[in-house]
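# Examination of the molecular architecture
Residues per chain, in single letters:
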Amino acid sequence: MVTTSTSGATRAARGGEGKPLLSVRDFKVEYRTGGGATVQAVRGVDLDLYPGESLALVGESGCGKTTLGLGLLRLLPRLGHASGKVIFNRGDGTEIDILGLDGRDLREFRWRDAAMVFQGAMNAFNPVLKIRAHMHDTMRAHTKATRQEIEDRAGELLRLVRLEPERVMDCYPHELSGGMRQRVLIAMSLLLEPEVLILDEPTTALDILTQRSIVDVLHEVRERLGFSMIFISHDLSLAAELADRVATMYAGRLVETGGVRDLFYRPRHPYTLGLIKAVPPIVGDLPDLESIPGGPPSLAALPKGCTFNPRCKFATDECRQAEPDLLPVTDEPGNAHDVACIHWKDVHLERRVQDDLGTAS
Amino acid sequence: MTATETAPQDRVDGSTPLMTLAAVSQVFDTKAGPIRAVDKIDLSVNPGEVLCLVGESGSGKTTAARMAAGLARPTDGKVEFAGNDIWSMNRHDFGSFRRSVQYVHQDPYASLNPTRTIQQTITAPLLKHGVVKGNKAAADKAAELLTKVDLTPPENYLPKFPHQLSGGQRQRVAVARALTLDPKLIIADESTSMLDVSIRISVLAMLGRLRDDLGVGFLFITHDLAIAKYFGWHGKTAVMYLGRIVEFGPTPKIINAPTHPYTRALIDAIPEPDPDLTKTKGRQSLRSLEIPSLAHLPSGCSFHPRCPLFEDGLCDGEVPELVEIRSGQSAACHVVARDGAGEVRPDEPVA
Ligand SMILES: Nc1ncnc2c1ncn2[C@@H]1O[C@H](COP(=O)(O)OP(=O)(O)OP(=O)(O)O)[C@@H](O)[C@H]1O
Ligand SMILES: Nc1ncnc2c1ncn2[C@@H]1O[C@H](COP(=O)(O)OP(=O)(O)O)[C@@H](O)[C@H]1O
Ligand code: SF4
Ligand code: SF4
Ligand SMILES: [Mg+2]
Ligand SMILES: [Mg+2]
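Residues numbered from 1 in each chain as written. Chains lettered and ligands numbered in written order. Predicted model: local features only at pLDDT ≥ 70, side-chain atom pairs only at ≥ 80, totals over all residues. Heavy atoms only, no water.

### A word on the overall build of chain B
Tallying secondary structure elements over chain B gives 12 helices and 12 strands in all. The C-alpha atoms of chain B give 21 Å as radius of gyration, which agrees with the globular expectation for 351 residues (20 Å, within 12%). Each principal axis of the C-alpha atoms in chain B carries an extent, and together these give about 70 × 50 × 45 Å. A total of 351 residues make up chain B; the buried ones form 58% of that total. Counting only carbon and sulfur atoms, one obtains 50% of the accessible surface of chain B, whose full area is about 13900 Å². One way to put it: in chain B the 38 positive side-chain charges average out to a point 8 Å from where the 40 negative ones average out. (Helix = DSSP H or I, 4+ residues; strand = E, 2+ residues; numbered from the N terminus. Rg over C-alpha atoms; globule rule 2.2 N^0.38 Å. Buried < 20%, exposed > 50% of the residue type's maximum accessible area, 1.4 Å probe, protein only. Areas by Shrake-Rupley, 256 points an atom, 1.4 Å probe, with all protein chains shown as cover. Lys, Arg positive; Asp, Glu negative; His and termini not counted. Charge placed at Lys NZ, Arg CZ, Asp CG, Glu CD.)

Written out as structure tokens, the structure reads:
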């Protein structure tokens, strides 16, 4: 069986087509850090997610990826506070203002409209409950499904993520391997058929072959169920494999968004370019790699102007004046590519990973 | 045949390898019974050479590395440093072996003492082993070492505590500390796994300079084949699975022309940082996703319950030996040993 998926290409970059499922404007998240101080972990994000689309959120550690994901689903810890506008368009035409939801409406939104698979699969389970109990509790809290309906639905989804329900349902979370737990979480998050699934580092810390099985499972379930997803990853290869569109995040803001091929072959932000040049491809000859000097800034002391300027080899005095806005680099319809860099016209990727081996099938 | 014997011994002067593991095993007693975390492996590292040890978690990489560093005594087999069995050495020689082989831990957060400044961390071994005399000379040497690992200007880092540094900076400090005793071999166990991509490459570049400029040999352990490729391109790579070496050879061949079904599955499974390429990469499904437990190893080839090339009666009988398949490249697989690896892939190795 060949598990390669080419469907990503046909689903291509369609930012800007039709009505977005999720529309995010000037979204901010602040954390209170004690003594009356706060830090802004997300500083004004604009983002549209279209039906059926897969969006990768990439960036180094601490850039605010998890915070953004949690904030969009109103799952922030108590000391976090979100502001701005997040609109979810239900299929029936109703628009939901997510930041205004509370109580029952919020709970309903979280499983039926959108669900999240958290970073670090173990913490998401109650260790004293078997997988069966997790499935039943989740379904019963949100639907009037009968016992048998729940068993059927859970069984169907477990098989979809390539697990045998008979073996898994009666296990405690700790009895499963990391890869199995991650697949159970994916199945659970899909119980109520959400329109949007947010996955935070779905393969990080898993072994290569296990990662591959998760990636294949995600390709398959998305094909079958057609939900939209936002997945967070520091692994660019995963974005290349799974995303239709990619958003690069730096110091709490999106600095570049575009179709996956535009971002990988024609990046226009020096940070995206730097990330791509730092990833060693596996096939072919030894590439020249480059690192990005330094590290992301502390949120408490952001550089003036473009926050990337201390690490940027394109930086000029102008870059230290004002923070650039995220602006389109093309007016081609249906092919949105936005960049927050005043020198984007000078940014070009020279290297392209060549498949020296010819493409094995 | 063993990896040591099949390895083309491209030594500079035909001298003894720096480090040799000969038929080394480590057995642990666990609740589930005794497990062979490492089962009769042969490895050698020459001066200034890089040997990458790759494999998934639990394959025995750290256990092997700890034996190479003299931190754990093998249940069976011999660990030799510069031709001498380290467990027959007298105290003095063992001490000098331990100084010549430095182990850099996978977690930069856990490996530095949080209550010591960087200066204290680095000067302590210098003074303890009498590498330099007096605080002034120790401080100068510490500054020199920080410069070697690209922490410049050193004055900015010497007075700091580990929590004031980033992950990459801490890992550089750990390397600087490993360099205090002028090691011949650095054992780097997943030393860059916890770092962000961009920082990882700069730490690897720094390690590469130590290898080239100081002639330090590396036993470089990683589960990430792309990192092994980048750091070990001019060296060799051994692939471990459930305590055994299943493939060994020059790194470019392991990466671009692997022969063992397990190595091929690993290489194929890795997504590429290129959307067109990654979607056209050929992939074979494994027969099972589950990694067997070391306490209940499958008979014969331990990869057989998962292997796409499995042949009933052949693969589940004897444990396959590591034999040479192509010049300098050996694999432990019955089918590849019988059929060769000729038509396995259309390509020839790049180097
Ligand atoms: N509960 C919190 N209180 C205060 N600051 C926080 C809290 N959680 C996160 N932060 C800060 O917010 C910033 C963004 O953190 P976040 O976890 O969103 O990053 P990330 O991009 O997901 O990183 P990683 O790749 O390491 O998971 C960081 O500077 C972090 O230290
Ligand atoms: N001290 C120990 N006691 C019992 N089992 C151990 C011990 N150290 C390692 N193991 C087991 O040995 C196997 C190999 O572990 P390890 O060498 O850490 O693998 P790797 O570094 O490749 O992930 C694992 O199954 C692990 O659980
Ligand atoms: S605005 Fe200036 S500093 Fe910022 S990324 Fe662009 S060139 Fe670099
Ligand atoms: S010996 Fe058989 S089961 Fe083992 S790797 Fe070779 S073909 Fe696969
Ligand atoms: Mg995160
Ligand atoms: Mg290990």
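Still to come is the rest of the account.
### Here's the deal with the pairing of strand E4 (residues 76-81) of chain B
Residues and elements named next belong to chain B. Pairing analysis gives 5 bridges linking strand E1 (residues 19-30) to E4, with the strands arranged antiparallel. Residue pairing for E4: Thr 20 is matched across the bridge by Glu 80. Looking at chain direction, E4 and strand E5 (residues 84-85) are connected through 2 bridges and run antiparallel. Residue Glu 80 lies in a different strand from E5, and its bridge partner there is Asp 85. Taking the residues between adjacent antiparallel strands as the criterion, E4 and E5 are bridged by 2 residues, where Ala 82 takes a positive phi near 50 degrees. (Pairing = 2+ DSSP bridges.)

### Remarks on the site of ligand 4
Near ligand 4 you find His 260, Pro 261, Cys 301, Phe 303, His 304, Cys 307, Leu 309, Cys 315, Cys 333, His 334 and Val 335 of chain B, and these make up its full shell. Residue composition of the shell around ligand 4, grouped by class: 8 nonpolar, 3 polar and no charged. (Near = heavy atom within 4 Å. Nonpolar A, V, L, I, M, F, W, Y, C, P; charged D, E, K, R; others polar.)

### Description of the site of ligand 1
Residues and elements named next belong to chain A. Residues in contact with ligand 1 amount to 14 residues; listed here are only the nearest, Ser 61, Gly 62, Lys 65, Thr 66 and Thr 67. Interatomic distance of 2.4 Å between a side-chain N/O atom of Ser 61 and an oxygen atom of ligand 1. Cys 63 places a polar main-chain atom, nitrogen or oxygen, 3.3 Å from an oxygen atom of ligand 1. The fraction of the free accessible surface of ligand 1 (640 Å²) that becomes covered by protein chains is 66%. (Polar contact = N/O pair within 3.5 Å; in protein donor to acceptor, adjacent residues only side chain to side chain.)

### Digging into the pattern of salt bridges
Taken as a whole and assessed by the stated rule, the structure comprises 37 salt bridges over all chains. Note that Arg 172 of chain B is salt-bridged to Asp 150 of chain B, the shortest N-O span being 3.6 Å. Here the residue Arg 172 of chain B occupies a position in helix H6 (residues 167-179), and Asp 150 of chain B occupies one in the loop between helix H5 (135-148) and H6, the gap between them amounting to 22 residues. Asp 150 of chain B sits in the partly exposed class, given a relative accessible area of 35%. Because the salt bridges share partners, they merge into one network encompassing Arg 43, Arg 253 and Glu 323 of chain A. (Salt bridge = Lys/Arg side-chain N within 4 Å of Asp/Glu carboxyl O.)

### Brief notes about unusual backbone geometry
Of note, the bond from Thr 152 of chain B into Pro 153 of chain B is cis; its omega dihedral lies within 30 degrees of zero at -10 degrees. By the element assignment, Pro 153 of chain B lies in the loop between H5 and H6. Residue Arg 74 of chain A is not a glycine yet carries a positive backbone phi of 60 degrees. Tracing the sequence through the fold places Arg 74 of chain A in the loop between helix H2 (65-72) and strand E4 (80-89). For Arg 74 of chain A, a relative accessible area of 26% corresponds to the partly exposed category. The backbone of Asp 150 of chain B sits at a positive phi, close to 65 degrees, despite the residue not being glycine.

### Brief notes about the side chain of Glu 256 of chain A
All names here are of chain A. Within the fold, Glu 256 resides in strand E10 (residues 253-259). It turns out Glu 256 is buried and unbridged, and the closest side chain with the opposite charge, Arg 268, is 6.7 Å from it. At a separation of 2.8 Å, a polar atom in the side chain of Glu 256 contacts the main-chain amide nitrogen of Arg 268. Polar side-chain contacts of Glu 256 include one of 2.6 Å to the side chain of His 337.

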